[in-house]
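These are the residues of each chain, in order.
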Amino acid sequence: MPRYFFHTRDGDHIEMDDEGTELPNDQAAKNAAKELLSGLNREKLPNGDHMELAVVVKDSAGAEIYEVTLHLDGH
Amino acid sequence: MDKDHYLHGLVRKLETSSPLQPEERDHLLRLPLILKHFESGHDIVSEGERTKQCCLVAEGLVCRYKIVGDGQRQILSLHLPGDIPDIHSLLIEQMDHNLGTLTAATVGFIPHEAVRALTRSYYRIAEAFWRETLVEAAIYREWMVGIGRRSAPSRIAHLFCEFITKMTAIGLSDGRTCELPLTQPEIADALGLSTVHMNKKLREIRQAGLVRVRSNKLTILDWKGLCKLAEFDPDYLHLRDANSKK
């Protein structure tokens, strides 16, 4: 199975995934990115009224195949 | 390994929470046992089944699980050698979940009649089985708190603390390192996390120097730190040794 790398971005803070996870295909990796984002969101309450969380998926060649972002804006 | 060895495993497990008299031990060691081998990932008993026997985990790792509508699996509990994860089938006939193997496993089937006869003659053995199910319920409460309220790193840390504590209690770990024959998707299914989320948080725990997880082996590097992250207090496991040390 191909290996995908899930890097996360929380505001300006970027966390690189240097180990990756094996998944059947790109579609499974996209779904996993969305699941990860919703899981991270559950754990994290924004300090203020704004939050931007993103997951960037890269394949083993380093090519970006997907990016998904969650914005929270309180008014 | 023979039948006696596995029944000793049952006695050892019961004695982690219930003191037994020599006579009670002897009767437990004489229980009839039909051994059967299962490959990894097989059901031993399925949801909806009615059984006339219960199964003793002789070797390997077994879990209770349920599958939800979209096909996702929730692992409900992990069972080590010496456990009888379906002891309740003595009193509630129909299985309301699946019991399956997580590794290749040997299971010893004990006819309900034999367990019933023993528990009717020896009330302390009945109490020991009852206590087992109560401790199980306490473990379920901890898992419920974890899945409902704990952060992902805390849940992972808690699973490690509980697993090695249980392994140590039955003599399969020195308290510092033990076999952990679980894949990352399986750990994720036990904790209600996605596999990628679980991988990411496990990496953080490793990088913080709390544990090493390599080739099915768990090594604790910082027990205090791990317990703190997990909010782990082993009291809910009701282990006699731990209690007598206090």
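Residues numbered from 1 in each chain as written. Chains lettered and ligands numbered in written order. Predicted model: local features only at pLDDT ≥ 70, side-chain atom pairs only at ≥ 80, totals over all residues. Heavy atoms only, no water.

1. What about the confidence of the model for chain B?
Summarising the model, chain B shows a mean pLDDT of 94, and 98% of its residues fall at 70 or more. For this predicted complex, the interface confidence score (ipTM) comes to 0.91, while the overall pTM stands at 0.93. (pLDDT = per-residue confidence, 0-100.)

2. As for the sheet that holds strand β9 (residues 211-214) of chain B
All names here are of chain B. Taken together, the three strands give an open sheet; going across it, the order is β8-β10-β9, and neighbouring strands pair in antiparallel fashion. If you trace the sheet from one side to the other, it starts and ends with β8 (177-179) and β9, each paired once. Taken pair by pair, the neighbouring strands of this sheet meet at an average axis angle of 15 degrees, ignoring direction. Examined bridge by bridge, β8 and strand β10 (residues 217-220) share three bridges and lie antiparallel to one another. The partner of Cys178 across the bridge, within β10, is Leu218. Packing of helix α5 (residues 152-169) onto the sheet brings it into contact with β8, β9 and β10, and relative to β8 it is tilted by some 85 degrees. (Pairing = 2+ DSSP bridges. Helix = DSSP H or I, 4+ residues; strand = E, 2+ residues; numbered from the N terminus. Axes fitted to C-alpha atoms, helices over the stretch in contact; angles between N-to-C directions. Contact = heavy atoms within 4.5 Å.)

3. Thoughts on the packing of aromatic side chains
Residues and elements named next belong to chain B. In this structure the tally under the stated criterion is three aromatic pairs over all chains. Where Phe232 meets Tyr236, the ring centres are 6.0 Å apart and the plane angle is 85 degrees; that geometry is what we call edge-to-face. Judged by relative accessible area, which is 8%, Tyr236 ranks as buried. (Phe/Tyr/Trp six-rings, centres within 6.5 Å; stacked < 30°, edge-to-face > 60°. Buried < 20%, exposed > 50% of the residue type's maximum accessible area, 1.4 Å probe, protein only.)

4. Observations concerning the interface of chain B and chain A
On the side of chain A, 16 residues touch chain B, which itself brings 18 residues to the contact. Together, Val196, Lys200 and Arg203 of chain B form the three largest contributors to the area buried by chain B at its contact with chain A, with a combined 44%. Our enumeration of links across chain B and chain A arrives at four salt bridges. In this structure, Glu15 of chain A engages Lys200 of chain B in a salt bridge whose closest nitrogen and oxygen atoms are separated by 2.7 Å. Linking chain B to chain A there are nine residue pairs in polar contact (both at pLDDT 80 or more). Elements that contribute at least two residues to the side of chain B that touches chain A include exactly α4 (123-149), α5 and α7 (195-207) of chain B. Ranked by the residues each element gives to the side of chain B that touches chain A, the list is headed by α7 of chain B, at nine residues. (Buried area = accessible area lost by both parts, 1.4 Å probe. Salt bridge = Lys/Arg side-chain N within 4 Å of Asp/Glu carboxyl O. Polar contact = N/O pair within 3.5 Å; in protein donor to acceptor, adjacent residues only side chain to side chain.)

5. Points about the side chain of Asn199 of chain B
Secondary-structure assignment places Asn199 of chain B in helix α7. Contacts of Asn199 of chain B, omitting those with residues within four sequence positions, involve Gly20 and Thr21 of chain A together with Gln184 of chain B.

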